[in-house]
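Coordinates in review
Below are the chains, spelled out letter by letter.
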Amino acid sequence: MTLKLQVYSDFVCPYCILAEGELEAAAAEKGIEVEYVPFELRPYPTPTLRPEGEYITKDWKERVYPIAAELGIPIVKPPFSPQPYTHLAFEGYQFAIEHGKAKAYNKRMYEAFFLESKNIGEIDVLTELAGEVGLDKAAYRKALEERTYREKHREALHHAYYVANVSSAPTFIIGETVIRGMAFKHQFLEVIERELQRELESAAG
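Residues numbered from 1 in each chain as written. Predicted model: local features only at pLDDT ≥ 70, side-chain atom pairs only at ≥ 80, totals over all residues. Heavy atoms only, no water.

A word on the overall build of the protein chain
- The number of helices and strands found in the protein chain is 8 helices and 4 strands.
- Counted from the first residue to the last, the protein chain has its helices and strands arranged as β-α-β-α-α-α-α-α-α-β-β-α.
- Against the globule reference of 17 Å for 205 residues, the protein chain gives a C-alpha radius of gyration of 17 Å, in line with a compact fold.
- Each principal axis of the C-alpha distribution contributes one length, and for the protein chain these read about 55 × 40 × 30 Å.
- The 205 residues of the protein chain split such that 46% are buried.
- Relative to all contacts within the protein chain whose residues are 6 or more apart in sequence, the contacts with residues 24 or more apart total 73%.
- For the protein chain, the exposed surface amounts to about 10,300 Å²; the carbon and sulfur share of it is 52%.
- For the protein chain, the distance from the average position of its 24 positive side-chain charges to the average position of its 32 negative side-chain charges is 2 Å. (Helix = DSSP H or I, 4+ residues; strand = E, 2+ residues; numbered from the N terminus. Rg over C-alpha atoms; globule rule 2.2 N^0.38 Å. Buried < 20%, exposed > 50% of the residue type's maximum accessible area, 1.4 Å probe, protein only. Contact = heavy atoms within 4.5 Å. Areas by Shrake-Rupley, 256 points an atom, 1.4 Å probe, with all protein chains shown as cover. Lys, Arg positive; Asp, Glu negative; His and termini not counted. Charge placed at Lys NZ, Arg CZ, Asp CG, Glu CD.)

Function-wise, these values are silent; they only describe arrangement.
As structure tokens, this is what we get:
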């Protein structure tokens, strides 16, 4: 099985947490691993969004809350204004990758921000969350304070922006197919099946 399934996502993107379960369910059904790739919607020093702003208020009312209700996810609009930057959380993600906890870390960040209203821009909060998924808290904090993974994260962002040409989150790359924005299990399954068939035909040809 060589089919690659990558998702470019940002920890402050509500559609990323909403699509995560749908994606994982489809991938598990087909025996495919999901790779989560960092993507910052608004990297420092670009101003981040304010939850009381018209754009977020309208989007959550018209799309986020209805989709969350349909999927049974008790999402809450985080109260932090402006929203936190996510570069530190992503540098911590690189730490988690090296220590075999990437998927658990990724999931915990989303839950903390969107279900528990925890500020994932703060090192204290990030350190506690890292400990909860089994990472060494002291080593993790040291890595964030010393910016040990800054360059590795910058390389990941450069890849997302300039190699993969990703411009929005979430963006799903499944084989040769790109899906931008919210998608559901049946949509992921359709694309996975089509791409698996393409692989078979290519191998036979």
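Alright, that's what it looks like, and here's the rest.
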